[in-house]
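Fold and geometry: a report
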Amino acid sequence: MPHLTSAGTARRTSGTEQLGFGVPGYAHPLLAPTEWAELTRSGTPLHWAVLNIDSGPGARPDPHCLEAAGRLRNARDRAVHDGAAQDAVRAGGGLLLGHLDLTFGNRPFGELIADAQSFLDWYRVDGFYLDRCPAERADLPAVRRITSTLAALLEESEDSKDGGDEAAGSGLLVLGHGTHPYPGYAETADQLVTFSGAWTDYRWSQVAEWTADYPPERFAHFVHGVPRTHLDEAMRIARWQGAGTIFFTDRTIRTDHGGQTDPFAALPGYWDEIVSRIGPGISE
């Protein structure tokens, strides 16, 4: 891929930037109650979490997802009003994003916008996670059309709220490329997922040179199969490559009963440890 730098010239951040979690999508709240409850725990440095009912919002409002969304929203509101130091990151984040699957540019525009409107109407989401987002230059105009329409929907939704949600801001759009896209994508959304994959690949990965023009809050990394003993190394790589949002887990992709398991659908085995390591006041 063009624009890549060697490990020796990758951009290192100062170490003072506050890392936080982006959760690609836990399992349904009925199947993963502990996971969703942990996102509301005071002191958890949560930037955002993705709600995915059935590769989107589902056919109708789900009572369990409505409850989980309400609890996350209430936790953020408490952080804003209490002003507690341990919840400083959550006060600026803790957003709930609706999952929209772009299927690498093959999803009809009308279906995507209809799903987005359902997420807003039913779950009052704060933004959207555009999964399987294209990364090539040729697809940029189509993605720009989608993100500009979503931004307008979010603004309209915010304006229509009675009294507004002071913590939600103007909405968040995250592009789930999973790799470094054509640089122009950085101007179409708030954050790009520029790595999603295994630790064995991440520890030798390189960063795109153009990312040095943007601050760490513009990039997210998701890594599975990270051993507990390599957490410090993984966080150093994230900071070195200029990523401000992460999700690291020791879980791996497995095939069970003919289907693949999602390593990001449940808590990592070292959740408490990684929360404490990247919590308020922790830097390298």
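Quick caveat, the model's predicted, so the values are computed rather than measured. (Residues numbered from 1 in each chain as written. Predicted model: local features only at pLDDT ≥ 70, side-chain atom pairs only at ≥ 80, totals over all residues. Heavy atoms only, no water.)

Some words on empty space enclosed by the protein
Vacant regions in the atomic arrangement are exposed by a probe of water-molecule size rolled over the atoms. Stated formally: For cavity detection a 1 Å grid was placed over the protein atoms alone, and a set of points counts as a cavity when a 1.4 Å probe fits there but cannot get out; an open set counts as a pocket when protein lies on both sides within 12 Å along at least five of seven lines, with lining residues being those that have an atom within 4 Å of a point. Grid points are joined across faces, edges and corners, and a volume is the space filled by probe spheres set on the points. Secondary structure elements are defined from DSSP: runs of H or I of at least 4 residues count as helices, runs of E of at least 2 residues count as strands, and each element is numbered from the N terminus.
Throughout the structure, instances matching the rule amount to two cavities of 30 Å³ or more. In this model, the second largest cavity occupies a volume close to 30 Å³. Ala 69, Leu 72, Arg 73, Arg 76, Gly 94, Leu 96, Arg 124 and Asp 126 together form the lining of the second largest cavity. The greatest single-element share of the lining of the second largest cavity, amounting to four residues, is contributed by helix H2 (residues 63-82).

Remarks on the packing of aromatic side chains
Given two aromatic rings, their pairing is described by the distance between the two centres and the angle made by the two planes. Our working rule: Pairing of aromatic rings covers Phe, Tyr and Trp, the last counted by its six-membered ring, and requires centre-to-centre distances within 6.5 Å; plane angles under 30 degrees mean stacked, over 60 mean edge-to-face, and any other angle means tilted. The classification of residues rests on relative accessible area computed with a 1.4 Å probe and restricted to protein chains. Under 20% of the type maximum is buried, over 50% is exposed, and intermediate values are partly exposed.
Under the defined criterion, the tally for this structure stands at 16 aromatic pairs. Taking 6.0 Å as the distance between ring centres and 75 degrees as the angle between the ring planes, the aromatic pair formed by Phe 247 and Phe 264 counts as edge-to-face. Residue Phe 247 is found in strand E8 (residues 245-249), and its partner Phe 264 is found in the loop between strand E10 (259-260) and helix H8 (271-277); the two are separated by 17 residues along the sequence. Considered together, Phe 247 and Phe 264 belong to a single accessibility category, that of buried residues.

Description of the confidence of the model for the protein
Defined as follows: Per residue, pLDDT captures the predictor's confidence, and it can take any value from 0 to 100. Residues count as neighbours in contact if any of their non-hydrogen atoms are within 4.5 Å of one another.
Across the protein, the average pLDDT comes to 87, with 83% of residues at 70 or higher. Taken as a whole, residues 1-10 scores under 50 in pLDDT and shows 22 contacts with residues more than four places along the chain or in a different chain. Here residues 12-16 is modelled with pLDDT under 50, and outside its nearest four sequence neighbours on either side it reaches ten contacts, counting other chains as well.

Remarks on the pattern of salt bridges
Rule in force here: Salt bridges are identified by distance alone: a Lys or Arg side-chain nitrogen within 4 Å of an Asp or Glu carboxyl oxygen.
For the structure shown, the criterion picks out eleven salt bridges. The shortest N-O distance in the salt bridge between Asp 232 and Arg 277 comes to 2.6 Å. Taken together, the residues Asp 232 in helix H7 (residues 231-240) and Arg 277 in helix H8 connect sequence positions 45 residues apart. Classification of Arg 277 as partly exposed rests on a relative accessible area of 23%. A salt bridge links Glu 273 to Arg 277; its shortest N-O distance comes to 2.4 Å. Highlighted residues: Glu 273 and Arg 277, both in helix H8, separated by four residues, approximately one helical turn. The exposure class of Glu 273 is partly exposed, given its relative accessible area of 23%.

Examining the packing of helix H4 (residues 109-123) against helix H5 (residues 140-160)
Between two packed helices, what matters for the description is the angle formed by their axes and the separation of those axes. To be explicit about the condition: Note on definitions: angles span 0 to 180 degrees between N-to-C directions of axes, and those axes are lines fitted to C-alpha atoms, for helices only across the stretch in contact. To sort the angles, those under 35 degrees are grouped as roughly parallel, those over 145 as roughly antiparallel, those from 65 to 115 as roughly perpendicular, and the leftovers as oblique. Should the near helix be turned anticlockwise from the far one by less than a right angle, the crossing is termed left-handed; should it be turned clockwise, right-handed.
Axis separation between H4 and H5 bottoms out at 11 Å; the angle between their running directions is 25 degrees. Here H5 runs roughly parallel to H4, going by the angle between their axes. The handedness of the crossing between H4 and H5 comes out as right-handed. Residues Phe 109, Leu 112, Ile 113, Ala 116, Gln 117 and Leu 120 of H4 pack against Arg 145, Ile 146, Thr 149, Leu 150, Leu 153, Leu 154 and Ser 157 of H5.

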